[in-house]
There are 6 protein chains.
Amino acid sequence: MSKVTVHRKAHFNAAHRLFRKDWSDARNYEVFGKCSNPNYHGHNYELIVSLTGEINQETGFVFDLGILRDLIKTEIEDCLDHKNLNIEVEEFQNLNPTAENISVVIYNKLQKHIPNHLDLKITLYETQRNFVSYSGE
Amino acid sequence: MSKVTVHRKAHFNAAHRLFRKDWSDARNYEVFGKCSNPNYHGHNYELIVSLTGEINQETGFVFDLGILRDLIKTEIEDCLDHKNLNIEVEEFQNLNPTAENISVVIYNKLQKHIPNHLDLKITLYETQRNFVSYSGE
Amino acid sequence: MSKVTVHRKAHFNAAHRLFRKDWSDARNYEVFGKCSNPNYHGHNYELIVSLTGEINQETGFVFDLGILRDLIKTEIEDCLDHKNLNIEVEEFQNLNPTAENISVVIYNKLQKHIPNHLDLKITLYETQRNFVSYSGE
Amino acid sequence: MSKVTVHRKAHFNAAHRLFRKDWSDARNYEVFGKCSNPNYHGHNYELIVSLTGEINQETGFVFDLGILRDLIKTEIEDCLDHKNLNIEVEEFQNLNPTAENISVVIYNKLQKHIPNHLDLKITLYETQRNFVSYSGE
Amino acid sequence: MSKVTVHRKAHFNAAHRLFRKDWSDARNYEVFGKCSNPNYHGHNYELIVSLTGEINQETGFVFDLGILRDLIKTEIEDCLDHKNLNIEVEEFQNLNPTAENISVVIYNKLQKHIPNHLDLKITLYETQRNFVSYSGE
Amino acid sequence: MSKVTVHRKAHFNAAHRLFRKDWSDARNYEVFGKCSNPNYHGHNYELIVSLTGEINQETGFVFDLGILRDLIKTEIEDCLDHKNLNIEVEEFQNLNPTAENISVVIYNKLQKHIPNHLDLKITLYETQRNFVSYSGE
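In this text, all values refer to a predicted model and were calculated from it rather than measured experimentally.

What follows deals with the overall build of chain A. Along chain A, the regular secondary structure elements total four helices and five strands. For chain A, the N- to C-terminal ordering of α and β elements is β-α-β-α-β-α-α-β-β. Taken along its principal axes, the extent of the C-alpha atoms in chain A is 60 × 25 × 25 Å. In chain A, which comprises 137 residues, the proportion classed as buried is 60%. Accessible area of chain A: about 5,800 Å², with a carbon and sulfur share of 46%.

In this model, chain A carries an average pLDDT of 97, and 100% of its residues clear a pLDDT of 70 or more. Here the complex is predicted with pTM 0.96, and the ipTM for its interfaces comes to 0.95.

Let us now look at the relation of the copies chain A and chain B. Rotating chain A by 180° and moving it 0.0 Å along the rotation axis overlays it on chain B with an RMSD of 0.0 Å. Seen this way, the second copy is the image of the first under a two-fold rotation axis. Most of the interface of chain A is mirrored in chain B, where 100% of its interface residues again form contacts.

Another aspect to go through is the relation of the copies chain E and chain B. Under the fitted operation, chain E is carried onto chain B by 0.0 Å of movement along the axis and a turn of 120°, and the coordinates agree to an RMSD of 0.0 Å. Read as a symmetry element, the transformation amounts to a three-fold axis. Looking at the rotation axis and the C-alpha trace of chain E, the residue lying nearest is Gln-128 of chain E, at 8.9 Å.

This part is about unusual backbone geometry. Positive phi is not limited to glycine here, since Tyr-40 of chain B has a value of about 75°. If you trace the backbone, Tyr-40 of chain B turns up in the loop between helix H1 (25–32) and strand S2 (41–54). The residue His-82 of chain C is not glycine, and still its phi comes out positive at about 60°.

Attention now moves to the pairing of strand S5 (residues 130–134) of chain C. Residue and element names in this part refer to chain C. Of all five residues that make up S5, five are buried, and the element is covered over most of its length. Of the two faces of S5, the one carrying Asn-130, Val-132 and Tyr-134 and the one carrying Phe-131 and Ser-133 are both buried. Inspection of the sheet shows strand S4 (residues 119–125) paired to S5 by four bridges, in the antiparallel sense. Across the sheet, Thr-123 pairs through a bridge with Ser-133, a residue of S5. The antiparallel hairpin formed by S4 and S5 contains four residues in its connecting segment.

Tallied over the entire structure, the rule returns zero disulfides over all chains. Left without a disulfide partner, Cys-79 of chain C is nearest to the cysteine sulfur of Cys-35 of chain D, which lies 18 Å away.

In this section: the interface of chain A and chain B. Of the residues lining the interface, 20 residues belong to chain A; the matching set on chain B comes to 20 residues. Summed over both partners, the interface of chain A with chain B comes to about 1,600 Å²; 48% of that surface belongs to carbon and sulfur atoms. Among the residues chain A hides against chain B, the three largest losses belong to Asn-39, Asn-44 and His-82 of chain A. Together they make up 35% of the total. Viewed at the interface, chain B and chain A are joined by 17 residue pairs in polar contact (both at pLDDT 80 or more). For the side of chain A that touches chain B, the elements supplying multiple residues, two or more each, are strand S1 (3–16), strand S2 (41–54), strand S3 (83–84) and helix H3 (85–88) of chain A. Broken down by element, the residue count for the side of chain A that touches chain B peaks at four residues, all from S2 of chain A.

In this assembly, 20 residues from chain E lie in contact with 21 residues from chain B. Interface area, chain E with chain B, both sides summed: about 1,700 Å², of which 50% is carbon and sulfur. Scanning the region where chain E abuts chain B turns up one salt bridge. Note that Arg-27 of chain E is salt-bridged to Glu-58 of chain B, the shortest N-O span being 3.5 Å. Seen at the junction of chain E and chain B, the total is 14 residue pairs in polar contact (both at pLDDT 80 or more). Counting residues per element, the ones that place at least two in the side of chain E that touches chain B are helix H1 (25–32), helix H4 (99–111) and strand S5 (130–134) of chain E. Broken down by class, the residue content of the side of chain E that touches chain B amounts to eight nonpolar, seven polar and five charged. Where strand S1 (residues 3–16) of chain B lies against S5 of chain E, five bridges are found, and the strand directions are antiparallel. Note that in S5 of chain E the partner of Val-4 of chain B across the bridge is Tyr-134 of chain E.

Here we take up the arrangement of the chains. Across all C-alpha pairs, the smallest distance from chain B to chain D is 13 Å, and the two are not in contact. At the level of C-alpha atoms, the two units chain B and chain F stay apart, their nearest approach being 14 Å.

Looking at the element boundaries, Asp-81 of chain E is found in the loop between helix H2 (65–80) and strand S3 (83–84). Take Asp-81 of chain E: its relative accessible area is 15%, and that puts it in the buried class. Along the sequence, Asp-81 of chain E and His-11 of chain E sit 70 residues apart, while their C-alpha atoms lie 8.0 Å from each other. Ignoring anything within four residues of it in the chain, the contact list for Asp-81 of chain E reads Phe-12, Asn-13 and Ile-76 of chain E together with Lys-34 of chain F. A polar contact is formed between the side chain of Asp-81 of chain E and the side chain of His-82 of chain E, at a distance of 3.2 Å. A polar contact of 2.8 Å, which involves the side chain of Asp-81 of chain E, links it to the side chain of Lys-34 of chain F.

All right, on to the packing of helix H2 (residues 65–80) of chain C against helix H4 (residues 99–111) of chain C then. Residues and elements named next belong to chain C. Orientation of H2 relative to H4, taken along the N-to-C sense of each, is 140°, at an axis distance of 10 Å. With respect to H4, the element H2 is oriented oblique. Every pair of crossing elements has a handedness; the one defined by H2 and H4 is right-handed. Contacts between H2 and H4 involve Leu-71, Glu-75, Ile-76, Cys-79 and Leu-80 from the first element and Ile-106, Lys-109 and Leu-110 from the second.

What follows concerns the side chain of Thr-127 of chain C. Residue and element names in this part refer to chain C. Looking at where Thr-127 falls in the secondary structure, it is placed in the loop between S4 and S5. A polar atom in the side chain of Thr-127 sits 3.1 Å from the backbone nitrogen of Arg-129. Polar contacts involving the side chain of Thr-127 include one to the main-chain amide nitrogen of Asn-130, which spans 3.0 Å.

Each aromatic ring pair is described using two quantities: the centre-to-centre distance and the angle formed by the ring planes. All chains considered together, the criterion is met by 30 aromatic pairs over all chains. Ring geometry for Tyr-107 of chain F and Tyr-134 of chain F: centres 5.0 Å apart, planes at 70°, overall edge-to-face. With Tyr-107 of chain F in helix H4 (residues 99–111) and Tyr-134 of chain F in strand S5 (residues 130–134), this residue pair connects regions lying 27 residues apart in the sequence. You can call Tyr-107 of chain F buried: its relative accessible area is 11%. Since its relative accessible area comes to 6%, Tyr-134 of chain F is described here as buried. Through a chain of ring-to-ring contacts, the aromatic side chains of Trp-23 and Phe-32 of chain A together with Phe-61 of chain F assemble into a single cluster.

So, on to the side chain of Asn-44 of chain E. Tracing the sequence through the fold places Asn-44 of chain E in strand S2 (residues 41–54). Note on Asn-44 of chain E: relative accessible area 14%, which makes it buried. One polar contact links the side chain of Asn-44 of chain E to the main-chain carbonyl oxygen of Glu-126 of chain F, over a distance of 2.9 Å. Setting aside chain neighbours within four positions, we find Asn-44 of chain E in contact with Phe-12, Asn-13, Tyr-125 and Glu-126 of chain E together with Gly-42, His-43, Asn-44, Glu-126 and Thr-127 of chain F.

Below, the discussion takes up the environment of Lys-109 of chain C. All names here are of chain C. By the element assignment, Lys-109 lies in helix H4. Between the C-alpha atoms of Lys-109 and Glu-91, which are 18 residues apart in sequence, the distance is 10 Å. Ignoring anything within four residues of it in the chain, the contact list for Lys-109 reads Glu-75, Ile-76, Cys-79 and Glu-91.

Each value, and the rule that gives it
- Residues numbered from 1 in each chain as written.
- Chains lettered and ligands numbered in written order.
- Predicted model: local features only at pLDDT ≥ 70, side-chain atom pairs only at ≥ 80, totals over all residues.
- Heavy atoms only, no water.
- Helix = DSSP H or I, 4+ residues; strand = E, 2+ residues; numbered from the N terminus.
- Buried < 20%, exposed > 50% of the residue type's maximum accessible area, 1.4 Å probe, protein only.
- Areas by Shrake-Rupley, 256 points an atom, 1.4 Å probe, with all protein chains shown as cover.
- pLDDT = per-residue confidence, 0-100.
- Least-squares fit on C-alpha atoms with pLDDT ≥ 70 in both.
- Contact = heavy atoms within 4.5 Å.
- Pairing = 2+ DSSP bridges.
- Disulfide = S-S within 2.5 Å.
- Buried area = accessible area lost by both parts, 1.4 Å probe.
- Polar contact = N/O pair within 3.5 Å; in protein donor to acceptor, adjacent residues only side chain to side chain.
- Salt bridge = Lys/Arg side-chain N within 4 Å of Asp/Glu carboxyl O.
- Nonpolar A, V, L, I, M, F, W, Y, C, P; charged D, E, K, R; others polar.
- Axes fitted to C-alpha atoms, helices over the stretch in contact; angles between N-to-C directions.
- Parallel < 35°, antiparallel > 145°, perpendicular 65-115°, else oblique.
- Left-handed = near helix turned anticlockwise from the far one by under 90°.
- Phe/Tyr/Trp six-rings, centres within 6.5 Å; stacked < 30°, edge-to-face > 60°.

Next comes the structure, spelled out in structure tokens:
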């Protein structure tokens, strides 16, 4: 049996600031610099969702990428696109929305909808120069 | 004499919302949809600045791209990068920060620093799928 | 008043062959080479639709890119995506589906839906290395 | 000794449909949607071939990328470029040409020409948004 | 009759330095900075050749892109690829190899092989951030 | 605890030739072809530096990408950008500057500045079609 990874790319645009509520503004600025601007800034996030598993001999698919596209839309894009991550997304009420933390949040949101026999990996581009990847380990 | 166009690419990340102060929230939402989210969203803007003119026979340059890079940094990136366009940028106090209007603002900010014998053009990518261009006409 | 060009990128995947019905297979092969393979080959076409006009002072838009996105979907993607251009698209029944001719067909299909005060331009990538542009002149 | 992976990118354009001969058209359409269009559609496939092994201390190469380029040309591009995968490629006579299955076929075609001390991996982009990877496991 | 522009992308890798023989090293460094390093540096140049003209009603082509690809190979790539522009390319014996001047040299080399009824334009990327365009005006 | 990989992209332009001092010019040409041109050629190298480790619960960072950006600048870009690798970079005095060897040199230069609890990986694009990766194994 052949194990293949299938990947699907998606996009969302969001505002955020790097910020801890329990730190002073001065300390936030010291650690996070202009990324802690209290008026927010934003990004075009690019998301790659990867699933690894055996090819289904009947369909030739590891996982139907149309279903994955819809899952990313309802679970991720509808929650994050055109949103302010700090204010409007529950998971970041007490979690700093760094790219690292956003990738873990996306992983956890998707993971409960992915069949158990598949391994999930998240790659998240904050900019073309800064990106992160997370596979639940 | 040969007329050549030189192009320089730059980047900035900013938050914005599409919004007119003199319209109700309902009307803003009707016209601008989720782009008028009062908590803002954001983009990785990609900017291409183009200058057209004759090649300087001494240097082989139309315009020194190192000087253009520094000009874009001081006049544009320092003003717009990691900013909230609606709140923190003077030009958008009474101007809706659509990609079209941002390109005109950038053109006007740069134009006063560009020698008269050169033609300026601005291309601004709001996302990889939506972009605008403006040449002062 | 400021004239700005707004651009919207879209995609469609299609099969085609370069072929004239009134030529022999041998002559088709001589002129079009492997592109005239009778069993077809295909491309991920990338389409950029550009509209030039004055910024609407009320909205800050030249043309609402959400409306343009929907127009490209109904007029172009629904007609061409996952289709065999030679067999299934009426305009190519007697027209060789070269990138040049496809760009003219797309222009004509869109042009009747675009307000008169805007100039339309089509850019069509057949591959990342071969592309064409057409503005109705 | 240092283990490095070398990667080479290539391209081919092909037509295909997702289709099982032993299923009815209705069943094919139910599972594969518009991708099972009987008149075919097509893609610009992008292929990345990766080889992992120790650097040859004499040449500084893991594997000569010029030789790999030629191998990809004769073994893959000459077989798949400008072809209809379902009709003209032997391996897909009884195998559904999903991206997953194409990546396994490419792996098997290349693997017999790659020295035993090197690990082979295939990455295949069907579109910029849908891609797969396979390393023979 | 419809006027369409066809574009073909090509690549070459070359070494160069920005340098005038009739200037001192100090003056060269003052004007061209690290780009005048006497030991050279280099680039992956990306070249787009664009031809504008009417569609040939018989073939559906403005110009056969296969012929253009071959022309770019023999006239440009064979002369510039893997070369030191300052030392090995005749046109730069007394001409500073700035991107501007390279684009004019490429234009002049191609122009004599292009039919008179077509307009030629050159776009040359020195890096992803610095590029030039020239259309013989 | 969650292990995430953070990636930072950088660029440098350099000249090189593939060449062993202890081989004749004929032997160098036989093995390395036009890449051994004695007058050099060059590339726009693209570098991705990846660090894997646990998210710092205080900052939400695996490693501050601003610090990584500065480290890449002082340790890599300042040493390699606009340089002739064979002549001006100490590490290549007796080492052939293949992409494989450059990636190992970059790894070794960075590794001594990276905290022990993080795993380092280097990806180096010599061109868009040829690239290598190395993780110190």
